[in-house]
Every structure is written in structure tokens, then in C-alpha cells.
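# Summary of structural features
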Amino acid sequence: MGRKRERGFPPDPEALPVAVVDNHTHLDAIEDVLDERALDGGPVPTVADHLERAAAVGVDRLVQVGCELPSIAWTDALLRDPEHGSRLLGAVAIHPNEAVLHAGVREVGPDGLEPSPRPHHATSLDDAVARVAEVARANPRVRAVGETGMDLFRTGPQGEVAQRESFRAHVALAKELGLALQIHDRDAHEQVVEVLLADGAPDRTVFHCYSGDEQMAALAAEHGWYLSFAGPVTYPRNDHLREALRTVPLELVLVETDAPYLPPHPYRGRPNAPYVAGHTVRAMAEVLDRPLGELCRAVSENSERVYGSW
């Protein structure tokens, strides 16, 4: 009989010696992946619960990412809440897979999934990007445009056109407002780099949940682009991510959870949350063969260089 698969949150890591930033998390989506087994009869964690649990293990600052219209509104309101403001900054954008739906494209991509538009996708892509701009201009705690980019696993040729249009609009907005840019890049390395080189990347450009290899990492380093590593850098088969981490200079390294997705090994399949970044940072220090405190300090300093002070 097979071993029973754990469904609850991963265990708390030992506290980090220097506090770090989870520079990409989706607090509004964590509840969506929970079920009775994950909660084990307990209550659904609140934002305050997530922040407290993360701070207790040395993840004391977060960047909350809203990348669809309902999430953008939720993120905007959360950042204005004085109860949480000192620990949270934000990023807003239209996710590339959302851009396809706002553009009215309904094709099936390589993933084989049928598109499932929701009521907010009736808003045109231009109007959706305009809403991003409105929130980013009006909320001083929004410090990044993201996540934007391209995802060719989820769409076909028509969707690629819409994603490129949306990505270019977000790049221009980040430069106009002097904000950082957070990039979603899935099966689209060549296309994403092409846009950045053609249009000119913002001064602070971050590849969220970096998925490229060491050659791409070297290119990013050449241009001063930051690489943010998440749980996949710990997965046994992802040697290319560990080589990328070894390739990029430490001053361009960030860490994230992308919660509630992609928890580190050996917790795949379980819900993710900001405190889990502590596990990933420890694994990264082992990959780099550097003292944990040195890596934590660099990640913290890099995060403030990208997003400013909390």
C-alpha cells in the first residue's frame, strides 16, 4: 500500500539568520487551493496569519501580485489597509493568459485546455491595461508592473499576438512610471528576450519564477536583469535552474514563493505560503555553497534595490 500523501501546509522552516523578502506571492489565491485535508479541521488562514507566520521564520516583507482584474482590485485595497501596510508592497498587471481572454481569443494551446472566460474578460485588453495603469499611478505602494510577459504553453498563434501586445504595453508603462517589471515567461524565452531587447527593458527587470537555463542567465546578467528563484530550483530534475543560479551574480538574485503554487521539494502538491520561502532560501545557499546569512543579506538588499523600502 502506497504512503499516504500529505495535503497540509509544509512545516515551518528554522528561522533565517537575516530576514528576506518573498518578492512574488498571491495572498488572495491561497484559499483557492485549500481543502478540508489541507486545513485538517482548522480555519482558513487570514492575511494577518500569513504575514505573522512568515515573519516568525524570517520572511518579513512581501510583494503581493495582482494579475487579473478582480485580483488587482483586491491587491489595491489590501495595500491601502494600514494594518498590513508596513510589510506589503504590490505589483499589478494583466497576466499573459488573461490578456488572451481580454483580447477575445478562444484558441486551445499546447496544454490542450479549453479557454474558460469569466465575466471580467468582457473588458477589452486596452481597457484592462488602462486599469492597471490607473491603480499603479494612484497607489504609492504599487512598486512593480507584473506579472506580465508571455506564456506559449497556454495559447496558440492568435494568443501569442495578444500576449506580445500586452507585454509591450506593460513594458512601456513600467518605464513611464519608473516601476520595476515582473516577467512571467513560460515556454517563451526567445520571444520575451526579443521584446525586451527591441523595446528596451525597464531599469529593474525581474524574471519571476525563473525557468531558463544557464545561457539565458548569463544573458540576463549581461543586461542587469534580476532572476527570482522559487520552489522549482529545488526539484531533482531541474539541474538547469541550479546551474542558472550558480551563473548569475549574487547581486541579481531574488527569492519568491509564487504562493499558493510551486512549493519546494519535498513538498510538491501541498499548498504554498510566504513562510515557505525559508525552505527555498536554504536550498539555494546549499546550491551556491555560500553561508546562509550571506545569501539572505544579499536577497534582502537586492529586493530593496528593486522595490524600494517597505
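Residues numbered from 1 in each chain as written. Predicted model: local features only at pLDDT ≥ 70, side-chain atom pairs only at ≥ 80, totals over all residues. Heavy atoms only, no water.

Here alanine 259 and proline 260 are connected by a cis peptide whose omega angle stands at 15°. Mapped onto the elements of the fold, proline 260 is located in the loop between strand E8 (253-255) and helix H10 (277-288). Residue proline 266 follows histidine 265 across a cis peptide bond; omega there is 10°. Within the secondary structure, proline 266 is located in the loop between E8 and H10. Despite not being glycine, leucine 262 shows a phi value in the positive range, around 55°. (Helix = DSSP H or I, 4+ residues; strand = E, 2+ residues; numbered from the N terminus.)

This part is about the state of the cysteines. Taken as a whole and assessed by the stated rule, the structure comprises 0 disulfides. You can see cysteine 67 has no disulfide; the closest cysteine sulfur is in cysteine 209, sitting 13 Å from it. Overall, the relative accessible area of 11% leaves cysteine 67 in the buried class. No disulfide involves cysteine 296; its sulfur sits 19 Å from that of cysteine 209, the nearest cysteine. (Disulfide = S-S within 2.5 Å. Buried < 20%, exposed > 50% of the residue type's maximum accessible area, 1.4 Å probe, protein only.)

Pairing is parallel in the open sheet, where 8 strands are placed in the order E1-E2-E3-E4-E5-E6-E7-E8. Only two strands of the sheet have a single neighbouring strand rather than two, namely strand E1 (20-25) and E8. Between one strand and the next, the sheet's axes are offset by a mean angle of 30°, whatever the strand orientation. By the bridge criterion, 3 bridges tie strand E5 (residues 180-186) to strand E6 (residues 205-207) in an arrangement that is parallel. Across the sheet, the residue bridging to isoleucine 183 is phenylalanine 207, located in E6. Against the sheet, helix H3 (residues 69-79) engages strand E2 (59-66), strand E3 (88-92) and strand E4 (142-151), with an angle of about 145° to E2. Those strands touched by H10 are E1, E2, strand E7 (226-229) and E8, and its axis lies near 145° from that of E8. (Pairing = 2+ DSSP bridges. Axes fitted to C-alpha atoms, helices over the stretch in contact; angles between N-to-C directions. Contact = heavy atoms within 4.5 Å.)

Ranked by size, the top nonpolar core spans 91 residues in total, and within it Ile94, Phe167, Leu196, Phe207, Tyr210, Phe229 and Tyr307 carry the most contacts. Beyond its immediate chain neighbours, meaning those up to four positions away, leucine 196 contacts Phe167, Val171, Leu181, Ile183, Ala201, Thr205, Phe207 and Trp225. (Core = buried A, V, L, I, M, F, W, Y, C linked by side-chain atoms within 4.5 Å.)

Looking now at the packing of helix H6 (residues 157-177) against helix H7 (residues 189-199). Following both chains from N to C, one finds H6 and H7 inclined at 40°, their axes separated by 11 Å at the closest point. Of the possible angle classes, the one that applies to H6 and H7 is oblique. As H6 runs across H7, the sense of the crossing is right-handed. In this structure, H6 contributes Glu160, Arg164, Phe167, Arg168, Val171 and Lys175 to the contact, and H7 contributes Gln191, Val192, Glu194, Val195, Leu196 and Asp199. (Parallel < 35°, antiparallel > 145°, perpendicular 65-115°, else oblique. Left-handed = near helix turned anticlockwise from the far one by under 90°.)

Once that is clear, we can look at the layout of surface pockets. Here the largest pocket is characterised by a volume of approximately 1,300 Å³. Contributing to the lining of the largest pocket are 43 residues, with His95, Asn97, Asp151, Arg154 and His184 lying nearest its centre. Looking at the lining of the largest pocket, its residues break down into 15 nonpolar, 13 polar and 15 charged. (1 Å grid on protein atoms, 1.4 Å probe; cavity = no way out; pocket = protein on both sides within 12 Å on 5 of 7 lines; lining within 4 Å. Points joined across faces, edges and corners; volume = space filled by probe spheres on them. Nonpolar A, V, L, I, M, F, W, Y, C, P; charged D, E, K, R; others polar.)

Time to look at the packing of helix H9 (residues 239-247) against H10. Axis separation between H9 and H10 bottoms out at 10 Å; the angle between their running directions is 70°. Judged on the interaxial angle alone, H10 and H9 are roughly perpendicular. For the pair H9 and H10, the contacting residues are Arg242, Leu245 and Arg246 in the first and Met284, Val287 and Leu288 in the second. The residue makeup of the contact of H9 with H10, split by class, is 4 nonpolar, no polar and 2 charged.

Moving on: the pairing of E5. Of all the 7 residues making up E5, 6 are buried; the element is thus mostly covered by neighbouring parts of the structure. Direction of pairing for E4 relative to E5: parallel, over a ladder of 6 bridges. What sits directly across from alanine 144, in E5, is alanine 180. Tracing the backbone out of E4, into H6 and back to the parallel element E5 gives a crossover that is right-handed. Since E5 and E6 lie parallel, the crossover through H7 that links them has a hand, and here it is right-handed. (Right-handed = clockwise from strand over helix to strand, strands pointing away.)

With 10 of 10 residues buried, E4 lies mostly within the body of the structure. Pairing geometry for E3 and E4, over 3 bridges, is parallel. Following the sheet pairing, valine 92 is matched in E4 by valine 145.

Buried within helix H8 (residues 214-223) are the following residues: Met216, Ala217 and Ala220. Angularly, the buried residues of H8 cover 105° about the axis, an arc narrow enough to put them on a single face. Structural note: H8 exposes Gln215 and Glu222 on the side pointing more than 90 degrees away from its buried face. Here the buried face of H8 lies against E5, H7, E6, E7 and H9. Its side-chain oxygen 3.2 Å from the backbone nitrogen of glutamine 215, aspartate 213 forms the N-cap of H8. (Arc of directions from axis to C-beta. Polar contact = N/O pair within 3.5 Å; in protein donor to acceptor, adjacent residues only side chain to side chain.)

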